Amino acid sequence: MYKISLLDKSPIAQGETAVSALSATVNLAKRAEALGYHRFWVAEHHGTSELASSAPEVLVSWILANTSSIRVGSGGVMLQHYSPFKVAEVFNLLSSLAPGRIDLGIGKAPGGLPRATAALQVYRSEKPEFETQIAELSAILDNSVALRRDDSFAFAGPQPPFTAERFLLGASPGSARQAAQLGWNFVFAGHLNGDSENLRQSLETYREESGGRSPMLALAAYASESASDAAEQVSELKIFKVFLDNGQSVSLGRRDQAEDFAKQAGSKNYRIEERKPSVLHGTPDEIHAELARLAAAYEIQEFILEPPAVGADRRLASIELLSRKPLSAAA
């Protein structure tokens, strides 16, 4: 028994524009609401001409204005770039505009190439520790709705009836532990890290240290009427993983982006591996069978599914097909 939600990165197809990509995302959100999906999240990516969503909080507000009931949120805000106070202000405002519909997902990655990261952090004298930032954000959000507020915190108004639901996106037992300690939901980024042992350890860590709370799992997924068509559509997808000489590794959508990342990071001795992304694909029945297996194996009650960049029409068709298994029954 599981719920299904969606994550969209607003991919810009070849020959199209950011305007059309963002319009496709909004159309996807509207259709997802009509089909009964539980949440609709948008991502944050910087310095790329392939993805249009660089400011999820802005896109969230536009999707809210074009929908009426589906939960909408970030998947996620890249906290290292921002003041926790400002993030709390933004999501308290969204929570006041649409009470009970806002999700705040937080990520640790930079979400872009080194030059974009430097531009985002140019006025910061030192890079803060993520652990300090997320703990401060959690405290500010709690203080925003406390009956008796702690005056040592600046008030991150407006005061919503209740704050956004909180999610930490990660792919390690350390992230799972941190989410549990803060009392946040944990979403394992399976669409970015498909290692099964890491998945098992991370989800078990969260359940054990959160007192039995259910983790969530994000996956890339594409459904078609036939398994062969689904396989054909995802067969053209590629990722390029660049390994830097400092031990860091990052996956990007194009080889030239991987090369740019290495150059911007000042890495002279790097290597790039072309890989196939991990995309759950097949007929709706095949995909739901795998989701049911994962739900039973890891006690998962909700999946966040990302339609891959196969074109707006195919992404829309995929979520239509996946909704044929009644989402209300799955929930």
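Our structure's up above, just so we're on the same page.
Not measured: the values here are computed from a predicted model.

(A) Representation of the sheet that holds strand β11 (residues 271-275). Taken together, the three strands give an open sheet; going across it, the order is β10-β9-β11, and neighbouring strands pair in antiparallel fashion. Two strands in the sheet have a free side with no partner beyond their single neighbour: β10 (249-252) and β11. Pairs of neighbouring strands in the sheet enclose a mean axial angle of 25°, with direction left out of account. Note: strand β9 (residues 239-243) against β10, four bridges, orientation antiparallel. Within β10, the residue paired with Val 242 across the bridge is Val 250. Running at roughly 20° to β9, helix α9 (residues 255-264) makes contact with β9, β10 and β11 of the sheet.

(B) Inspection of the layout of surface pockets at higher detail. When its volume is computed, the second largest pocket comes out at roughly 260 Å³. Lining the second largest pocket we find 17 residues, and of these Gly 194, Leu 199, Leu 219, Glu 290 and Leu 294 sit closest to its centre. Those elements that provide at least two residues to the lining of the second largest pocket are α7 (196-209), β8 (216-223), β12 (279-282) and α10 (284-298). The greatest single-element share of the lining of the second largest pocket, amounting to four residues, is contributed by α10.

(C) Examining the environment of Val 242 more closely. Checked against the element boundaries, Val 242 lands in strand β9. Overall, the relative accessible area of 0% leaves Val 242 in the buried class. Along the primary structure Val 242 and Arg 271 are separated by 29 residues, whereas in three dimensions their C-alpha atoms are 5.7 Å apart. The residues touching Val 242, leaving out its near neighbours within four places in the chain, are Gln 248, Ser 249, Val 250, Leu 252, Ala 258, Phe 261, Ala 262, Tyr 270, Arg 271 and Ile 272.

(D) The side chain of Asn 185, seen in detail. Within the secondary structure, Asn 185 is located in strand β7 (residues 185-189). Only 2.9 Å separates the side chain of Asn 185 from the side chain of Arg 213, close enough to count as a polar contact. Once you skip the residues sitting within four places of it in the chain, Asn 185 turns out to touch Glu 165, Arg 166, Phe 167, Leu 168, Ala 179, Tyr 206 and Arg 213.

(E) Highlighting the side chain of Thr 163. Along the chain, the position of Thr 163 falls in the loop between α5 (130-145) and β6 (165-170). Side-chain polar atoms of Thr 163 contact the side chain of Arg 166, separated by 3.1 Å. Those residues in contact with Thr 163 that sit more than four places away from it in its chain are Asn 92, Ser 95, Leu 141 and Val 145.

(F) Quick peek at the packing of aromatic side chains. For the structure shown, the criterion picks out three aromatic pairs. Between Tyr 2 and Phe 303 the ring centres are 5.4 Å apart and the planes differ by 85°, which places this aromatic pair in the edge-to-face class. Of this pair, Tyr 2 sits in the segment before β1 (3-8) while Phe 303 sits in strand β13 (residues 302-306), and the two are 301 residues apart along the sequence. Neither Tyr 2 nor Phe 303 differs from the other in exposure class; each is buried. Positioned over the ring face of Phe 243 is Arg 271, at 4.0 Å from the centre of the ring.

(G) Structural context of the environment of Thr 117. When you line up the elements, Thr 117 lands in helix α4 (residues 114-120). Placed 49 residues apart in sequence, Thr 117 and Arg 166 show a C-alpha to C-alpha distance of 24 Å.

(H) Just the packing of helix α1 (residues 18-35) against helix α11 (residues 312-322), in detail. Packing of α1 against α11 brings their axes to within 10 Å, and their N-to-C directions diverge by 10°. By the angle class used here, α1 and α11 are roughly parallel. Crossing hand, α1 versus α11: right-handed. Contacts between α1 and α11 involve Ala 24, Thr 25, Leu 28, Arg 31, Ala 32 and Leu 35 from the former and Ala 312, Arg 315, Leu 316, Ile 319 and Glu 320 from the latter. Grouping the constituent residues of the contact of α1 with α11 by class yields seven nonpolar, one polar and three charged.

Each value, and the rule that gives it
Sequence order as written defines the numbering, with residues in each chain counted from 1. Restriction of local features to residues with pLDDT of at least 70 applies here, the model being predicted, together with a cutoff of 80 or more for giving and counting side-chain atom pairs; totals for whole chains, interfaces and linings are based on all residues. Excluding hydrogens and water, the side-chain figures rest on all heavy atoms present in the structure. At least two bridges found by DSSP between two strands are what make those strands a pair. The secondary structure listing takes helices from DSSP runs of H or I that are at least 4 residues long and strands from runs of E that are at least 2 residues long, numbered from the N terminus. Axis lines are fitted to C-alpha atoms, over the contacting stretch for helices. Their N-to-C directions set the angle, which ranges from 0 to 180 degrees. Whether two residues are in contact is decided by their heavy atoms, any of which lying within 4.5 Å being enough. Grid spacing is 1 Å over the protein atoms alone, the probe is 1.4 Å, and a cavity is where that probe fits but cannot get out, while a pocket is an open set with protein on both sides within 12 Å along at least five of seven lines and lining residues have an atom within 4 Å of a point. Grid points are joined across faces, edges and corners, and a volume is the space filled by probe spheres set on the points. Each residue gets one of three labels from its accessible area relative to the maximum for its type: buried under 20%, exposed over 50%, partly exposed in between, using a 1.4 Å probe on protein chains only. As used in this structure description, the phrase polar contact means that two N or O atoms lie within 3.5 Å; if the pair is within protein, one of them must be able to donate a hydrogen and the other to accept it, and residues adjacent in sequence are counted only when both atoms belong to side chains. Here a pair means two rings of Phe, Tyr or Trp (six-membered ring of Trp) with centres within 6.5 Å. Their orientation is stacked below 30 degrees between planes, edge-to-face above 60, and tilted elsewhere. Criterion for a charge above a ring: Lys NZ or Arg CZ within 6 Å of the ring centre, and within 35 degrees of the ring normal. Roughly parallel covers angles under 35 degrees, roughly antiparallel covers those over 145, roughly perpendicular covers 65 to 115, and oblique covers all other angles. Crossing handedness: left-handed means the near helix sits turned counterclockwise from the far one by under a right angle, and right-handed means the same turn made clockwise. Charged residues are taken to be Asp, Glu, Lys and Arg, nonpolar residues to be Ala, Val, Leu, Ile, Met, Phe, Trp, Tyr, Cys and Pro, and polar residues to be all remaining types, Gly included.

Interpretation note: all reported values are geometric properties and have no functional meaning in isolation.
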